[in-house]
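Spelled out, the chains give:
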Amino acid sequence: MNIASWAAATGREVLRVGYSDRIIGQVIPDILRVIVETKQLELRPRAAVYLNDAATQKAILAGYYNIHWSQIETSIDICRSVQICADPRTLLTRVLVPISGTTTEPIGVLAVYADNGTEYEHVAVLQALAWDISTVVRGKRRQEEKPPVTTCAGMPGGIEADSPGLGDNIFELLRTTIDNFPGGICVLTDDLRVAMTNRRLYEILDLPEALFPAGCNFADILRFNARRGEYGSGDVEQLAQERIRHVKLFVDHAFDRDTASGLVLEVRSTPSAGGGCVLTYVDVTARKMAERELLHHRDRLEEIVTERTAEIEFQAKKLQRLLNHERHVNEQQRQFVAMASHEFRTPLAIIDGAAQRLIRRKTEVTPEFIGEKVSQIRASVARMVDLMESILAVGRLDHGMIDIRPEPCAIVELIRLCAASQRDITPSHRVNLDLKHLPATITADRSALQQVFTNLLSNAVKYAPGSPDIFVRGWLEDGCVHVSVKDQGVGIDADDLPKMFQRYFRARTATGIAGTGIGLNLVQQIVELHRGTISVASEKDRGSVFTVSLPFAAQEKVKSNTPEIEVA
């Protein structure tokens, strides 16, 4: 079978790891690590090896990688063909590959894991790697069948183990080493008998040494721990048996365990060549606390960075909105300057034209001619005065320099005065008044309201050049005085209605009609300084109705505030 170069390299690494002097249980985790870390195999970082047991007719767990002992089956059915199925304990796909022996009967099974929902494509490579694992396992078993060497490795001249006094010295050296180990040590035989311990084991596990001396059954220690709640709540015997079954596997593994006393212990099991294993318990509480504190600080730092990043992004977006708004305002101001210049040039041109005609006909002027030209000049001057007054009023409002001084104000008389002034300026239009339902006086600033109604009447005339009738109606309702100004002119597009009171805004229907776009904004601010409201209703080509609502009750003195621009 031809396999890819990367697969062959993985097989060679498996054999290299396996050809060491360690026993099967010690090399299996390293072999599995080599396999799952091969990126081309597309496996999750967890795996296990089971070896067939003739006595139980089951495949018994012989070693695993990156799986907690409580999350893996200790035995499975003997597997004679590749099986791909859902893992009963996880949400992953489990791939079982038989580990072939020298005969047709397999000697075990390789279990690896892949993501769910995908069809696994590298079964052939896994079968080749399973054969490499078989080579390692069979080689280790042949080594275990050889008679033990009786010389003491590393001793000068290969001194025999039964040399006089040497055995006692080695035992004392081993005892001293074990007693000075910083963690607890427990050596188990293949039948779970405690062959050797050190003092630190009883201290770190809080065990009474008199109850569990060397020679006791380790299963009794597990039951003792289960009774005092070291393994959580539940049936004591069931909790102990789960751990007894796992210890009996004598596989190489390590995990952290939180004790009832608050310690965190690193528990490690190392299988022995002749059966049994060596258990070590190391207190890693300080290290784990430091790790948790570090993780907490890391998480907190991530939260702070996220918060600061979000804040910076918010401020950047806010600044961008403000810049966009500033550009928009600047553009509106530019347009306003252009419109205002045009607005001033028009009455000036009329005044200049009238003056030139008077000069040319100075010797033959008639009273009627003089009256006509004077009327044109006065109307133009009035237009300029209105423009100047509007511009200055907007400036004073922006700087908080307009005081609204409420006092008794004859509102009916005021509206009639504004209507008469408008008739003098544009005799072509008629202002129809219906003010009989208004009170004689209200509390308001007379000069400010005069600007309001003068502006509304001027707009009604300006935007209804072909409809001479303007209707002004007043009434009292819900404690407020309401005055509406209605024309039958060009009207306003529905899309433009919400923006009619924005400074410098001009509706699309106002194209070609003189104006600066500041009048209605000024009107709204004056009305709101009176604690009132203004609204507009309009249809394109059918005219508009502007309604001013003012409180009828007396008001205290109000001063305008400089507006703060804030774009949401």
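Residues numbered from 1 in each chain as written. Predicted model: local features only at pLDDT ≥ 70, side-chain atom pairs only at ≥ 80, totals over all residues. Heavy atoms only, no water.

Here's the deal with the packing of helix α11 (residues 446–462) against helix α12 (residues 519–529)
Consideration 1: Viewed as axis vectors pointing N to C, α11 and α12 meet at an angle of 145 degrees, and their least axial separation amounts to 9 Å. In the crossing of α11 with α12, the sense of the turn from one axis to the other is left-handed. Listed contacts from α12 to A448, Q451, V452, N455, L456 and N459 of α11 are G519, L520, L522, V523, I526 and V527.
Consideration 2: For the contact of α11 with α12, the class distribution of residues is 8 nonpolar, 4 polar and no charged. (Axes fitted to C-alpha atoms, helices over the stretch in contact; angles between N-to-C directions. Helix = DSSP H or I, 4+ residues; strand = E, 2+ residues; numbered from the N terminus. Left-handed = near helix turned anticlockwise from the far one by under 90°. Contact = heavy atoms within 4.5 Å. Nonpolar A, V, L, I, M, F, W, Y, C, P; charged D, E, K, R; others polar.)

What to know about the confidence of the model for the chain
Consideration 1: Mean pLDDT for the chain: 84, with 86% of residues reaching 70 or above.
Consideration 2: Per-residue pLDDT, averaged within each element of the chain, yields its smallest value for strand β20 (residues 558–559) (46) and its largest for strand β17 (residues 480–486) (95).
Consideration 3: Confidence drops under a pLDDT of 50 for residues 554–568, and excluding neighbours within four residues, the segment shows 39 contacts in the predicted structure. (pLDDT = per-residue confidence, 0-100.)

Some thoughts on unusual backbone geometry
Consideration 1: The phi dihedral of Q57 is positive, around 55 degrees, even though this residue is not glycine.
Consideration 2: Turning to its location among the elements, Q57 is positioned in the loop between β1 (47–53) and β2 (58–65).
Consideration 3: Not every positive phi belongs to a glycine, and R531 is a case in point at roughly 65 degrees.
Consideration 4: Mapping R531 onto the fold places it in the loop between α12 and β18 (533–539).
Consideration 5: R531 sits in the exposed class, given a relative accessible area of 53%. (Buried < 20%, exposed > 50% of the residue type's maximum accessible area, 1.4 Å probe, protein only.)

Quick word on the sheet that holds strand β5 (residues 93–100)
Consideration 1: Strand order in the open sheet made by the 6 strands is β3-β2-β1-β6-β5-β4, with antiparallel pairing throughout. Since the sheet does not close on itself, it has two edges, and those belong to β3 (75–77) and β4 (83–86), each with one partner. Neighbour-to-neighbour, the strand axes of the sheet open up by a mean angle of 30 degrees, direction not taken into account.
Consideration 2: Looking at chain direction, β2 and β3 are connected through 3 bridges and run antiparallel. Of the residues in β3, the one forming a bridge with A59 is I76.
Consideration 3: Sheet contacts for helix α3 (residues 123–145): β1, β4, β5 and β6 (106–114); angle to β5, the most-contacted strand, approximately 50 degrees. (Pairing = 2+ DSSP bridges.)

Observations concerning the pattern of salt bridges
Consideration 1: According to the stated counting rule, one finds 32 salt bridges in the structure shown.
Consideration 2: Here R16 ties to E13 by a salt bridge, and the two come within 2.7 Å at their closest N and O atoms. You can see R16 and its partner E13 sitting in helix α1 (residues 5–18), 3 residues apart, about one turn around the helix.
Consideration 3: According to the relative accessible area criterion, R16 is exposed, its value standing at 52%.
Consideration 4: A salt bridge links R22 to D30; its shortest N-O distance comes to 2.9 Å.
Consideration 5: Classification of D30 as partly exposed rests on a relative accessible area of 24%. (Salt bridge = Lys/Arg side-chain N within 4 Å of Asp/Glu carboxyl O.)

Focus on empty space enclosed by the protein
Consideration 1: Tallying each qualifying case throughout the model produces 1 cavity of 30 Å³ or more.
Consideration 2: Taken as a whole, the largest cavity holds about 40 Å³ of empty space.
Consideration 3: Looking at the largest cavity, the residues that line it are R46, I67, Q71, I72, E73, D87, R89, R94 and Y113.
Consideration 4: Residue composition of the lining of the largest cavity, grouped by class: 3 nonpolar, 1 polar and 5 charged. (1 Å grid on protein atoms, 1.4 Å probe; cavity = no way out; pocket = protein on both sides within 12 Å on 5 of 7 lines; lining within 4 Å. Points joined across faces, edges and corners; volume = space filled by probe spheres on them.)

Observations concerning helix α10 (residues 411–425)
Every α-helix carries 3.6 residues per turn, so stepping three or four residues along brings you back to the same face.
Consideration 1: Its 15 residues give α10 an end-to-end C-alpha distance of 21 Å, which sits within 8% of 21 Å, the value for a rise of 1.5 Å per residue.
Consideration 2: Among the structural elements, β13 (407–409), β14 (430–434), β15 (442–444), α11, β16 (469–477) and β17 are those in contact with the buried residues of α10. (Expected span 1.5 Å × (residues − 1).)

Remarks on the sheet that holds strand β8 (residues 194–197)
Consideration 1: Judged by pairing direction, the sheet is antiparallel, and its 5 strands sit side by side in the order β8-β7-β11-β10-β9 without closing on themselves. Looking at the sheet topology across the chains shown, the edges are occupied by β8 and β9 (253–258). The mean inter-strand angle of the sheet, taken between neighbouring strand axes irrespective of direction, is 20 degrees.
Consideration 2: Pairing between strand β7 (residues 184–188) and β8: 3 bridges, direction antiparallel.

Remarks on the side chain of S544
Consideration 1: Along the chain, S544 turns up in strand β19 (residues 543–551).
Consideration 2: In terms of polar contacts, S544 uses its side chain to reach the side chain of S538, at 2.8 Å.
Consideration 3: If sequence neighbours within four positions are ignored, S544 has contacts with V485, K486, D487, G491, I492, A537 and S538. (Polar contact = N/O pair within 3.5 Å; in protein donor to acceptor, adjacent residues only side chain to side chain.)

Side note on the packing of aromatic side chains
Consideration 1: Following the criterion strictly, the structure yields 2 aromatic pairs and no others.
Consideration 2: The side chain of R243 reaches across the aromatic face of Y231, ending 4.1 Å from its centre.
Consideration 3: Across the ring face of W475, the terminal group of R473 is positioned such that the distance to the ring centre comes to 4.0 Å. (Phe/Tyr/Trp six-rings, centres within 6.5 Å; stacked < 30°, edge-to-face > 60°. Lys NZ or Arg CZ within 6 Å of the ring centre and 35° of its normal.)

A word on the environment of I350
Consideration 1: You can see I350 is positioned in helix α8 (residues 285–360).
Consideration 2: Between the C-alpha atoms of I350 and S380, which are 30 residues apart in sequence, the distance is 6.8 Å.
Consideration 3: Leave out the neighbours within four places in its chain, and I350 touches Q376 and S380.

Some remarks on the environment of D252
Consideration 1: Among the structural elements, D252 can be located in the loop between α7 (236–247) and β9.
Consideration 2: For the pair D252 and P29, spaced 223 residues apart in sequence, the C-alpha separation works out to 7.3 Å.
Consideration 3: Apart from the residues within four sequence positions on either side, D252 is in contact with G25, Q26, P29, S269, T270 and P271.

With respect to the pairing of β19
Consideration 1: Taken across its 9 residues, β19 has 8 buried, putting it largely inside the fold.
Consideration 2: Both β17 and β19 contribute to a ladder of 7 bridges, which runs antiparallel. Looking at β19, one finds that C480 is bridged to P551.
Consideration 3: The pairing of β18 with β19 spans 7 bridges and is antiparallel. Along β19, the bridge assignment pairs V536 with F546.
Consideration 4: What sits between the antiparallel neighbours β18 and β19 is a turn of 3 residues, in which D541 has the positive phi angle 70 degrees.

As for the side chain of T38
Consideration 1: Relative to the assigned elements, T38 resides in the loop between α2 (24–36) and β1.
Consideration 2: At 3.2 Å, the side chain of T38 and the side chain of T10 are in polar contact.
Consideration 3: Discounting chain neighbours no more than four positions away, the residues touching T38 are W6 and T10.

Structural notes on the nonpolar core
Consideration 1: Core analysis: the largest hydrophobic core is formed by 46 residues, its most contacted members being Y50, Y64, L188, F218 and Y281.
Consideration 2: Among the elements that make up this core, the one with the highest residue count is helix α6 (residues 218–227) (6 residues).
Consideration 3: If you look at the next biggest cluster of nonpolar residues, it comprises 41 residues, including V412, A444, A507 and F546. (Core = buried A, V, L, I, M, F, W, Y, C linked by side-chain atoms within 4.5 Å.)

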